[in-house]
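Architecture and fold: a report
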Amino acid sequence: MTSPIPRPRVRRIAATLAAVLALTIGTAGAPTGSAAEADTTAAGTTPAMDCTGVAGLDLSGISGAPTQIASATVLAAADNTLGSWAACEVKGLIAPQIQFDLRLPMTTWQGSYLQVGCGGNCGVVTTGSAPAATGCTPLTSGAFAVATDNQGHYGSSMSSGLFGTDPTLKADFGYKSEHQLAVVAKDIVKRFYGHSAGHSYYDGCSQGGHEALTEAQRYPTDFDGIIAGAPANNWTAHTFQHAWNAQAVFADGTDATLVTSDLEPLHEAVLKGCDAGADGIIEDPLSCTWDPGGIECASGQTSTADDFCLTSEQVTTVRKLYSGPRNSDGKLLYPGWQLRGNELNWAGVIVPSSRTGSTSNKTNVNERVRYLLYPEAHPELSYKDVEFTTTTYKQLMRLNEGTMDATDPDLSAFKAAGGKLIIWQGLADPNISSVAAMAYYKAVQQEMGGASKTSGFARLFLLPGVAHCGGGQGPDSIDALSAIVDWVTAGQAPDSLLSQAIDSAGSGEVTASRPVYPFPYIAVNTTGGSDDDASSYTALLSTAEQNLTVDYLGSFRSGYETVSGWVDGKWVTRPGKS
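Everything numeric here is computed off the predicted structure, so don't read it as measured data.

Analysis parameters
Residues numbered from 1 in each chain as written. Predicted model: local features only at pLDDT ≥ 70, side-chain atom pairs only at ≥ 80, totals over all residues. Heavy atoms only, no water. Buried < 20%, exposed > 50% of the residue type's maximum accessible area, 1.4 Å probe, protein only. Helix = DSSP H or I, 4+ residues; strand = E, 2+ residues; numbered from the N terminus. Pairing = 2+ DSSP bridges. Axes fitted to C-alpha atoms, helices over the stretch in contact; angles between N-to-C directions. Contact = heavy atoms within 4.5 Å. 1 Å grid on protein atoms, 1.4 Å probe; cavity = no way out; pocket = protein on both sides within 12 Å on 5 of 7 lines; lining within 4 Å. Points joined across faces, edges and corners; volume = space filled by probe spheres on them. Nonpolar A, V, L, I, M, F, W, Y, C, P; charged D, E, K, R; others polar. Disulfide = S-S within 2.5 Å. Phe/Tyr/Trp six-rings, centres within 6.5 Å; stacked < 30°, edge-to-face > 60°. Lys NZ or Arg CZ within 6 Å of the ring centre and 35° of its normal. Salt bridge = Lys/Arg side-chain N within 4 Å of Asp/Glu carboxyl O.

This part covers the pairing of strand S4 (residues 112–116). Summarising burial for S4: five of the five residues are buried, a large majority. Residue alternation in S4 divides its side chains into two sets, Ser112, Leu114 and Val116 and Tyr113 and Gln115, and both sets are buried. As paired elements, S4 and strand S5 (residues 144–149) share four bridges and run parallel to each other. Residue pairing for S5: Ser112 is matched across the bridge by Phe144. With five bridges connecting them, S4 and strand S6 (residues 199–205) associate as parallel partners. Its bridge partner lying in S6, Val116 is registered against Asp203.

Before going further, it helps to examine the sheet that holds strand S7 (residues 225–229). Pairing within the open sheet is mixed, and its nine strands lie in the order S1-S2-S3-S5-S4-S6-S7-S8-S9. The open sheet has two edge strands with one neighbour each: strand S1 (67–75) and strand S9 (458–463). Neighbouring strand axes in the sheet, compared pairwise and without regard to direction, differ in orientation by 15 degrees on average. Most of the contacts of helix H13 (residues 434–447) go to S9, to which it runs at about 160 degrees, and overall it touches strand S8 (420–426) and S9.

It is worth spelling out the environment of Leu271 at this point. With respect to the helices, strands and loops of the structure, Leu271 is situated in helix H8 (residues 263–273). Judged by relative accessible area, Leu271 falls into the buried class, the value being 1%.

Bringing the layout of surface pockets into the picture now. Its volume calculated, the largest pocket comes out at about 630 Å³. Gly119, Gly120, Ser206, Gln207 and His468 are the residues nearest the centre of the largest pocket, which is lined by 32 residues in total. The biggest single contributor to the lining of the largest pocket is helix H10 (residues 360–372), with five residues. Among the residues making up the lining of the largest pocket, the classes are represented as 12 nonpolar, 19 polar and one charged.

Glancing now at empty space enclosed by the protein. As enumerated under the stated definition, the model contains four cavities of 30 Å³ or more in all. The volume enclosed by the largest cavity comes to roughly 100 Å³. It is strand S12 (residues 521–525) that provides the largest number of residues to the lining of the largest cavity, a total of three residues. Considering only residue class, the lining of the largest cavity consists of 12 nonpolar, no polar and two charged. The computed volume of the second largest cavity comes to approximately 70 Å³. Lining of the second largest cavity is provided by His267, Leu271, Gly280, Ile281, Ile282, Pro285, Arg340, Gly341, Leu427, Ala428, Gly465 and Gln473. Of the residues in the lining of the second largest cavity, the class split is six nonpolar, five polar and one charged.

Bringing the state of the cysteines into the picture now. Scanning the entire structure with this criterion turns up five disulfides. A disulfide bridge connects Cys118 with Cys122, and the sulfur atoms are separated by 2.0 Å. Across the S-S bond of Cys118 and Cys122 the torsion is about -120 degrees, and the bridge reads as left-handed. Side by side, Cys118 and Cys122 carry an identical accessibility label, which is buried. At a sulfur-sulfur separation of 2.0 Å, the disulfide partner of Cys205 is Cys469. Here the S-S torsion is close to -100 degrees, and the disulfide linking Cys205 with Cys469 is therefore left-handed. A residue pair is termed long-range when its members are at least 10 positions apart, and Cys205 in strand S6 and Cys469 in the loop between S9 and helix H15 (480–490) qualify at 264 residues. Under the relative-accessibility criterion, Cys205 is labelled buried at 8%. The exposure class of Cys469 is partly exposed, given its relative accessible area of 28%. Counting its disulfide-bonded cysteines in sequence order, the chain shows a connectivity of 1-2, 3-4, 5-10, 6-7, 8-9. Here Cys136 is not cross-linked by a disulfide; its sulfur's nearest cysteine counterpart is in Cys205, at 16 Å.

For the rest of this paragraph, the subject is the packing of aromatic side chains. Under the definition given, this model contains 15 aromatic pairs. Taken together, a centroid distance of 6.4 Å and an interplanar angle of 15 degrees make the contact between Tyr113 and Phe223 stacked. Residue Tyr113 is located in strand S4, and its partner Phe223 is located in the loop between helix H6 (207–218) and S7; the two are separated by 110 residues in the primary sequence. As far as the burial class goes, Tyr113 and Phe223 line up, both buried. Seen in terms of ring centroids, Trp244 and Phe388 are 5.1 Å apart; in terms of plane orientation they differ by 85 degrees. Their pairing is edge-to-face. Placement of Trp244 in helix H7 (residues 235–249) and of Phe388 in the loop between H10 and helix H11 (390–404) is noted, with a sequence separation of 144 residues between them. Considered together, Trp244 and Phe388 belong to a single accessibility category, that of buried residues. Through a chain of ring-to-ring contacts, three or more aromatic side chains come together here, namely Phe240, Trp244, Phe388 and Tyr393. Over the ring of Tyr175 we find Arg218; its NZ or CZ atom is 4.1 Å from the centre of that ring.

Following the criterion strictly, the structure yields 11 salt bridges and no others. The salt bridge partner of Glu401 is Arg557, with a shortest N-O separation of 2.8 Å. Remark: Arg557 occurs in the loop between helix H16 (543–546) and strand S14 (562–567) and Glu401 occurs in helix H11; sequence separation between them is 156 residues. Its relative accessible area of 13% is what places Glu401 among the buried residues. By sharing partners, the salt bridges in this structure join Glu89, Lys91, Asp101 and Arg103 into a single network.

Take a look at the structure:
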């Protein structure tokens, strides 16, 4: 974790803080005696068959997901990256290219199934960890059978978009793969143990968060509890954010206007302008409107380490990053923008290390415009060719949203099935704007009958100072998995999550902690205690979050989804969710 920049604490806390709270907020962390803790006390289920026998299972009866198992071998507890538990590790393939890995606990299974998403453009199978399960005892002790996949294609790079030239692979990536894996994995679990999993959970971040919301929207009975971290669910429109950032930084199409060495003094100016706390974290960045013109270089002035300033070109760049992608009429093309306070996290994502360097934003957009956004490949295109017009927006949405987006706010089928949803994101995320998560959640509230009815099955948690799926300047480790298990099995809705900063040197020591409250509440230090101690904080309503409205060219609505497949040798697309 980057060391916070010490600053005098300036806080203005209303004396009537307690009266402002409209909901009862519990103490941070998992409740004692929780269902998640109790899960680990029972004896594990004994498998009904040998691990080696799984390789010979006939899975031809699984409708719509032709599957072959490549191998089934015993994974020693010492070699298991998910925890210290021996597993039957099953590797297989769902046609045409959905490679998967399923780990079946040999002696510790408590009857639940966990599916883990992947990130970026995926393309590889990584069962190394679950993104929102730091310290989750059921996971580390082997209570879950755990599976993940490559989201329907494979390649040499997580960033490669070549698979998009094949409609089958694009559909698997867009919405099919996670449902098919859920069907296949649950079938294998049932055969291996002799009975079905009692509860099923999903945990994903970034593209994995997109996968998570796709499951809640299109396949509402696949999972009882879903964790969607930093969801890339507004996938098509997100192209405009990446392209806008790239064109803002590489304004002339060649050299960058900002480099990483500019970010620390810029960030320091933002912290001062946004009245950040002593820990260097802006608790409510949506409420800050600091303008970079305040540190523009005077005529003839040259920026130095002791007297940092921005050139007029740099001021324009930073203003564009804070504004989000807009057309000539000023209308947003994506429901989000860069929030003040995440400047250090622009390094490598938005801002290169040198004037002639590159960024992941450029790479991402290049892959999309070349191989993913159009029916045919366009290797000649790049981020420079994205036009911020209503015409381009409508064209790309028409071509892609039905397959690639997960923005439907109608979660009534998921709620009716008893599903529970936790959405979480860092407020200092430079890859996917946390404003987009807020906008989607508010659309869900409107669709589902208001804030109270929505919070009964779905809650949003925003982590100050945290970057994309972790990292950044704020405490970034959470255990949402235990929280969702408690919510599903015991009806204990999470009134807060505990975020922690854990020593990156390997000691595992917790160096800071902070409670995270459900949107639109933020954690404010009202006690005068240490900013690094969760007990110092109280929940405060953020009026900026509560009153947020995002007026963008698109909309959160039902009915845009399509389903596609081969029929009599032709690729057929029709309206529908599944």
